[in-house]
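Breakdown of the fold
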Amino acid sequence: MRSSYLLILGLVILVSVSCNNSKKTFSDKAKQAQSEKIVRATQFAWKGYMQYAKGFDALKPISKQGENWYKTSLQMTPIDAFDTFTLMGLKTEANEAKGLIFANLNFDLDMNVQLFEINIRLLGGLLSAYELDGDKRFLTLAEDLCKRLLPAFNTKTGMPYRYVNLKTGALRDSLNNPAEIGTCLLEFCKLTQLTGDSTYYKIAKKAVFAVYERRSSIDLVGTIIDVTTGEWKKSECQIGARLDSYFEYLYKNWLLTGDKDCFEAWETHRKAIAKYMITDTKNGTFLTRVDMNTGKETRSLYGALDAFYAGLLALSGDVATAQKIQEGNFYMWTRFNIEPEVFDFKKDSILYPSYPLRPENIESCFYLFRKTHDSKYLEMGKRMTDDIIDKCKAEAGFAAVKNVTTLELEDSMESFFFAETLKYSYLLFAPESKLDLSKFVFNTESHPLKINR
Ligand code: DMJ
């Protein structure tokens, strides 16, 4: 009796010591070394941008040239990078980015732009810059931009067109998706908070709830919807592309504003996603694709974009499910050299082999580490960040991967690499006081917005 008691006691001590050890494998010095490595990588990428692509939307890191999305630059990289530099304490780089923004940015352009991308990168970036830096010119630019985006929402349903002309308000592409419709909520709401003009929030909320009201009887939504009629055109539901930030913004807008409608909508979808989409396998947990009306699996596809959901679930409090999904996320990263854009998690084979320097997998490590303080997430994040630094380094910056199985690089460095990938990699290892999650909510491009509720 006494010996079995001692055996059990011994086992308990062993388990608790090893658990504590697992939480201590990263010393403060190791964390500091990793965050400094990321700061150096950031400076290297920015130096390449300033040398070869100054004032363009983005740098092509292999051919060493600048590129624009549309006929005139919208200063995408400087705007996306500014708050990352600020959080990292890179004053010179932050001033250079700020200088480019104020010297060159003007939205009075006869150009059709994609509402979603312009909203998350530029409007989100300018609002965050204003809150971190206090320069009123950021807010003036943000409000001017938002006013130019508003014509997109002039539809019978309240859901926006995908493209809008910044000068004329002309519209294009009425077949839209929940992510591109709903991902204005945080930015428009923040603008309302900062200007006192309720128009922005009302318009964004009407759009997102026009999607929510069209959910199926099992509380899922589809991938494509006609914003002029409200009719679903594609009924497949997935967690990644075209839906991801629709779900994300419902929860985060509750955090930002305390809007209960958003919380209820998030909870409704979260339960349906848990019931129909979360799938356990021997390699970890993934989210599958299903029909929004029946809940039946359509394709067992998962990919780099889908990986954000673990972080969102952790942020919202369901840490246990988030941890299981993160096992799947890390499997996806390590199974190949780097994670692919899309793979079939049941067949264990790649469908789209590229990796455009996406942040979502590291973003989920960041939230899970903040919630658990389990060094496992530091290890995962270090592996991913080191892979990017080692395998994606080009002469003038970091390059997307064309094929993760061959590691052939592609001549592109998206501005979200500065806004998100480098920022989450840094914040994972930096002191938590650098960014207090009880005071800020990240928009989907990782621009921090002050919580004000
Ligand atoms: C970013 O622009 C945003 O995170 C968006 O929500 C999804 N895609 C990219 C990064 O992968």
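The next thing to look at is the pattern of salt bridges. When their charged atoms lie close together, side chains carrying opposite charge are able to pair. According to the stated counting rule, one finds 35 salt bridges in the structure shown. Salt-bridge contacts for Asp 135 lead to Lys 98; the nearest nitrogen and oxygen are separated by 3.3 Å. Linking Asp 135 in the loop between helix H5 (115–133) and helix H6 (136–149) with Lys 98 in helix H4 (residues 91–104), this pair joins segments that are 37 residues apart in sequence. Lys 98 carries the same exposure label as Asp 135, and that label is buried.

Taken together, Ile 120, Leu 305, Arg 358, Pro 359, Glu 360, Phe 416, Glu 420, Thr 444 and Glu 445 make up all the residues around the ligand. Within the contact set of the ligand, an oxygen atom lies 2.9 Å away from a side-chain nitrogen or oxygen of Glu 420. Between an oxygen atom of the ligand and a main-chain N or O atom of Thr 444, the distance comes to 2.8 Å. In the complex, the protein chains occlude 93% of the 290 Å² of accessible area that the ligand would expose alone.

Here Tyr 163 lies in strand S4 (residues 163–165). You can call Tyr 163 buried: its relative accessible area is 14%. Sequence separation between Tyr 163 and Phe 116 is 47 residues; the distance between their C-alpha atoms is 8.5 Å. Among residues more than four places away in sequence, those in contact with Tyr 163 are Asn 112, Val 113, Gln 114, Ala 170, Leu 171, Arg 172 and Asp 173.

Let's shift gears to the side chain of Asp 306. With respect to the secondary-structure elements, Asp 306 resides in the loop between strand S14 (301–303) and helix H12 (308–316). Salt bridges are absent for the buried Asp 306, whose nearest opposite-charge side chain, Arg 289, sits at 5.0 Å. Discounting residues that sit within four places of it in the chain, Asp 306 has contacts with Ile 239, Gly 240 and Leu 301.

Further remarks concern the confidence of the model for the protein chain. For the protein chain, mean pLDDT is 95; residues scoring 70 or higher make up 95% of the total. In this model residues 12–22 is a low-confidence stretch, pLDDT under 50, and it forms two contacts with partners more than four residues away in sequence or in other chains.

With that settled, the discussion passes to H12. Of all nine residues in H12, eight are buried; the element is thus mostly enclosed. Regarding H12, the residues found buried are Phe 308, Tyr 309, Ala 310, Gly 311, Leu 312, Leu 313, Ala 314 and Leu 315. Contacts from the buried residues of H12 go to helix H10 (244–257), helix H11 (260–276), strand S11 (284–287), helix H13 (319–335) and helix H14 (360–372). In the segment just after H12, Gly 317 is the residue with positive phi, at about 115°.

Attention now goes to the sheet that holds strand S13 (residues 297–299). Pairing is antiparallel across the open sheet formed by three strands, whose spatial order is S9-S12-S13. Both edges of this open sheet fall to strand S9 (236–237) and S13, since each of them pairs with a single strand only. Inspection of the sheet shows S9 paired to strand S12 (residues 289–291) by two bridges, in the antiparallel sense. Note on S12: the bridge partner recorded for Cys 237 is Val 290.

Quick look at the sheet that holds strand S8 (residues 232–234) now. Taken in spatial order, the three strands of this open sheet run S6-S7-S8, and their pairing is antiparallel. Of all the strands in the sheet, the pair left with one neighbour each is strand S6 (175–176) and S8. In terms of strand pairing, S6 meets strand S7 (residues 224–226) through two bridges, oriented antiparallel. Each residue of the ladder has a partner; that of Asn 176, found in S7, is Ile 225.

The tally for this structure, following the rule as stated, stands at 28 aromatic pairs. Aromatic side chains Phe 44 and Phe 398 sit 5.6 Å apart centroid to centroid with 80° between the ring planes, which places their arrangement in the edge-to-face category. Of this pair, Phe 44 sits in helix H2 (residues 28–52) while Phe 398 is found in the loop between helix H15 (375–391) and strand S17 (400–403), placing the two residues 354 residues apart along the sequence. Given a relative accessible area of 1%, Phe 398 falls into the buried group. An angle of 55° between the planes, with centres 6.3 Å apart, marks the rings of Trp 266 and Tyr 309 as tilted. On the criterion of sequence distance, the pair formed by Trp 266 in helix H11 and Tyr 309 in helix H12 is long-range, its members being 43 residues apart. Judged by relative accessible area, which is 0%, Tyr 309 ranks as buried.

Attention now moves to the packing of H2 against helix H16 (residues 416–429). Two numbers describe how H2 lies on H16: the axes approach to 7 Å, and their chain directions differ by 160°. Regarding the angle of H2 to H16, the classification is roughly antiparallel. The way H2 lies across H16 gives a crossing that is left-handed. Across the interface between the two elements, Lys 31, Gln 34, Ser 35, Ile 38, Val 39, Ala 41, Thr 42, Ala 45 and Trp 46 of H2 pack against Phe 418, Leu 422, Ser 425, Tyr 426 and Phe 429 of H16. Residue composition of the contact of H2 with H16, by class: nine nonpolar, four polar and one charged.

With that settled, consider unusual backbone geometry. In this model, Asp 219 sits at a positive phi of 70°, which is unusual for a non-glycine residue. Along the chain, the position of Asp 219 falls in the loop between helix H9 (199–212) and S7. The phi torsion at Ser 446 lies on the positive side, around 65°, for a residue other than glycine. Assignment of secondary structure puts Ser 446 in the loop between strand S19 (440–442) and strand S20 (448–450).

So, about the side chain of Thr 421. Mapped onto the elements, Thr 421 comes out in helix H16. With a relative accessible area of 1%, Thr 421 lands in the buried category. Among the polar contacts made by the side chain of Thr 421, one reaches the main-chain carbonyl oxygen of Leu 357 at a distance of 2.8 Å. Beyond its immediate stretch of four places on either side in the chain, Thr 421 contacts Tyr 355, Leu 357, Arg 358, Pro 359, Ile 362, Ile 388 and Phe 416.

A few words now on H16. In this model H16 runs 19 Å from its N-terminal to its C-terminal C-alpha over 14 residues, within 8% of the 20 Å that 1.5 Å per residue would give. At Lys 423, H16 is bent by approximately 30°, the largest bend along its length. The element H16 is largely enclosed, with a buried count of 14 among its 14 residues.

Scoring rules and cut-offs
Residues numbered from 1 in each chain as written. Predicted model: local features only at pLDDT ≥ 70, side-chain atom pairs only at ≥ 80, totals over all residues. Heavy atoms only, no water. Salt bridge = Lys/Arg side-chain N within 4 Å of Asp/Glu carboxyl O. Helix = DSSP H or I, 4+ residues; strand = E, 2+ residues; numbered from the N terminus. Buried < 20%, exposed > 50% of the residue type's maximum accessible area, 1.4 Å probe, protein only. Near = heavy atom within 4 Å. Polar contact = N/O pair within 3.5 Å; in protein donor to acceptor, adjacent residues only side chain to side chain. Areas by Shrake-Rupley, 256 points an atom, 1.4 Å probe, with all protein chains shown as cover. Contact = heavy atoms within 4.5 Å. Lys, Arg positive; Asp, Glu negative; His and termini not counted. pLDDT = per-residue confidence, 0-100. Pairing = 2+ DSSP bridges. Phe/Tyr/Trp six-rings, centres within 6.5 Å; stacked < 30°, edge-to-face > 60°. Axes fitted to C-alpha atoms, helices over the stretch in contact; angles between N-to-C directions. Parallel < 35°, antiparallel > 145°, perpendicular 65-115°, else oblique. Left-handed = near helix turned anticlockwise from the far one by under 90°. Nonpolar A, V, L, I, M, F, W, Y, C, P; charged D, E, K, R; others polar. Expected span 1.5 Å × (residues − 1). Bend = angle between axes of the 7 residues up to and from the residue.

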